[in-house]
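Examining the three-dimensional arrangement
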Amino acid sequence: MLDGTPCWIDLTSSDTEVAKNFYTNVFGWQVDSNDDPQYGGYAIFSKDGQPIAGLGPQQEGNPYGNVWTTYISSSDAAASAAKAEAAGGTIMMPSMQVGDQGSMAIVGDPAGAVIGIWQPDQHKGFGSVGVPGAPVWHETMSKNYTAALPFYTDVFGWEYESMGDTDEFRYSQAKLGDATVAGVMDASSFLPTEVPSFWQVYFGADDTDAAVAKVVEFGGSVIAAPEDTPFGRLAGVADPLGAAFRISTIVG
């Protein structure tokens, strides 16, 4: 996986059994659990034999339960975390080795959005992207857009292509060479005061409305009803424990 590219996601959940039941039914994922105590009950969701996402229990004292985290690939997680701090971010979890799987760090950007860093070893990241039931897009909803853009350039080398620069819609796509890797949205005008900046993941679907119906059927909730956009039919939902994510039709 190219440095600076989203390479993995995981869900921190206050009830992993509820999460397993929900996501296996909604997306048809399988669950591969690891009983090795060094991994702290971490499980892997897979689809068609390919790793899709991780699932870990909420740790005592961790206020960030029931949330999805996107990880950006790095050949040196410790160095990337140091760059994040130098660029005005916060190291929330210093770089740590995860068995023989790789090394991880968690940082906050200058707007307060939380992003993971993954240095792969045996675990390379996603086995499948851009298809139904797999991640198709990652973006940050930022309350400090002008600080977020240079931060991610300094840490991950991103350049940007503006998709809109008005008060109604200010959005940039992050680029690495010719590859488009993520989005940055200026959310300062519409995110409520009590809602911090955040990263969100989109999962692909053949039929967004049918996927949303499954979310509701298995105990989830609808945050934003399906709507047609230039980027496909999109919806915002949450699992039964409140972890939010987006659903998008696959646009060919």
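Described below are features of the structure shown in this document. (Residues numbered from 1 in each chain as written. Predicted model: local features only at pLDDT ≥ 70, side-chain atom pairs only at ≥ 80, totals over all residues. Heavy atoms only, no water.)

Counted under the stated rule, the structure contains seven salt bridges. Across the pair Lys175 and Glu161 runs a salt bridge whose closest N-O atoms are separated by 3.7 Å. Here the residue Lys175 occupies a position in strand β11 (residues 170-176), and Glu161 occupies one in strand β10 (residues 159-165), the gap between them amounting to 14 residues. A relative accessible area of 17% means that Lys175 is categorised as buried. (Salt bridge = Lys/Arg side-chain N within 4 Å of Asp/Glu carboxyl O. Helix = DSSP H or I, 4+ residues; strand = E, 2+ residues; numbered from the N terminus. Buried < 20%, exposed > 50% of the residue type's maximum accessible area, 1.4 Å probe, protein only.)

Right, let's get into the nonpolar core. Tyr23, Trp29, Trp68, Phe203, Phe245 and Ile247 are the most contacted members of the largest nonpolar core, which has 33 residues in total. In contact with Tyr23, not counting residues within four places along its chain, are Leu11, Gly28, Trp29, Phe45, Trp68, Asp239, Ala243 and Phe245. Ile115, Leu149, Phe151 and Phe156 belong to the second largest nonpolar core, which has 23 residues in total. (Core = buried A, V, L, I, M, F, W, Y, C linked by side-chain atoms within 4.5 Å. Contact = heavy atoms within 4.5 Å.)

Right, let's talk about the pairing of strand β8 (residues 114-120) for a bit. Direction of pairing for strand β5 (residues 67-73) relative to β8: parallel, over a ladder of three bridges. Counterpart to Ile72 in the pairing with β8 is Ile117. In this antiparallel pair of consecutive strands, strand β7 (residues 102-108) and β8, the connection spans five residues, and Gly112 shows a positive phi of 100°. (Pairing = 2+ DSSP bridges.)

We now examine the side chain of Lys175. Within the local environment of Lys175, its side chain forms a polar contact with the side chain of Thr180, the two groups lying 3.0 Å apart. Ignoring sequence-local partners within four residues, the contact set of Lys175 consists of Gly157, Trp158, Glu159, Glu161, Thr180 and Val181. (Polar contact = N/O pair within 3.5 Å; in protein donor to acceptor, adjacent residues only side chain to side chain.)

Let's shift gears to the sheet that holds strand β12 (residues 179-186). Strand order in the open sheet formed by eight strands is β10-β11-β12-β9-β13-β16-β15-β14, with mixed pairing between adjacent strands. Strand pairing shows two members of the sheet lacking a second neighbour, β10 and β14 (221-229), which therefore form its edges. Adjacent strand axes in the sheet meet at a mean angle of 25° when their direction is disregarded. The pairing of strand β9 (residues 135-142) with strand β13 (residues 198-205) spans six bridges and is antiparallel. What sits directly across from Trp137, in β13, is Tyr202. (Axes fitted to C-alpha atoms, helices over the stretch in contact; angles between N-to-C directions.)

Moving on: a nonpolar patch on the surface. A cluster of nonpolar residues, Met163, Phe169 and Phe231, forms a patch on the protein surface that exposes about 260 Å² of accessible area. Within the fold, Phe169 resides in the loop between β10 and β11. You can call Phe169 partly exposed: its relative accessible area is 32%. (Patch = residues over 30% accessible without salt bridge, like charges linked within 9 Å, V, L, I, M, F, W, Y side chains within 5 Å. Areas by Shrake-Rupley, 256 points an atom, 1.4 Å probe, with all protein chains shown as cover.)

Let's shift gears to helix α3 (residues 145-156). Taking 1.5 Å of rise per residue, the 12 residues of α3 would be expected to cover 16 Å, and the 16 Å separating its terminal C-alpha atoms lies within 8% of that figure. All of the buried residues in α3 are Tyr145, Ala148, Leu149, Phe151, Tyr152, Val155 and Phe156. (Expected span 1.5 Å × (residues − 1).)

Time to look at the packing of helix α2 (residues 77-86) against α3. The geometry of α2 relative to α3 is characterised by a closest axis approach of 8 Å and an angle of 150° between their N-to-C directions. Between α2 and α3, the crossing angle belongs to the class labelled roughly antiparallel. As for how α2 packs across α3, the hand of that crossing is right-handed. Counted together, Ser80, Lys83 and Ala84 of α2 and Phe151, Asp154 and Val155 of α3 form the full contact between these two elements. Looking at the contact of α2 with α3 residue by residue, the classes come out as three nonpolar, one polar and two charged. (Parallel < 35°, antiparallel > 145°, perpendicular 65-115°, else oblique. Left-handed = near helix turned anticlockwise from the far one by under 90°. Nonpolar A, V, L, I, M, F, W, Y, C, P; charged D, E, K, R; others polar.)

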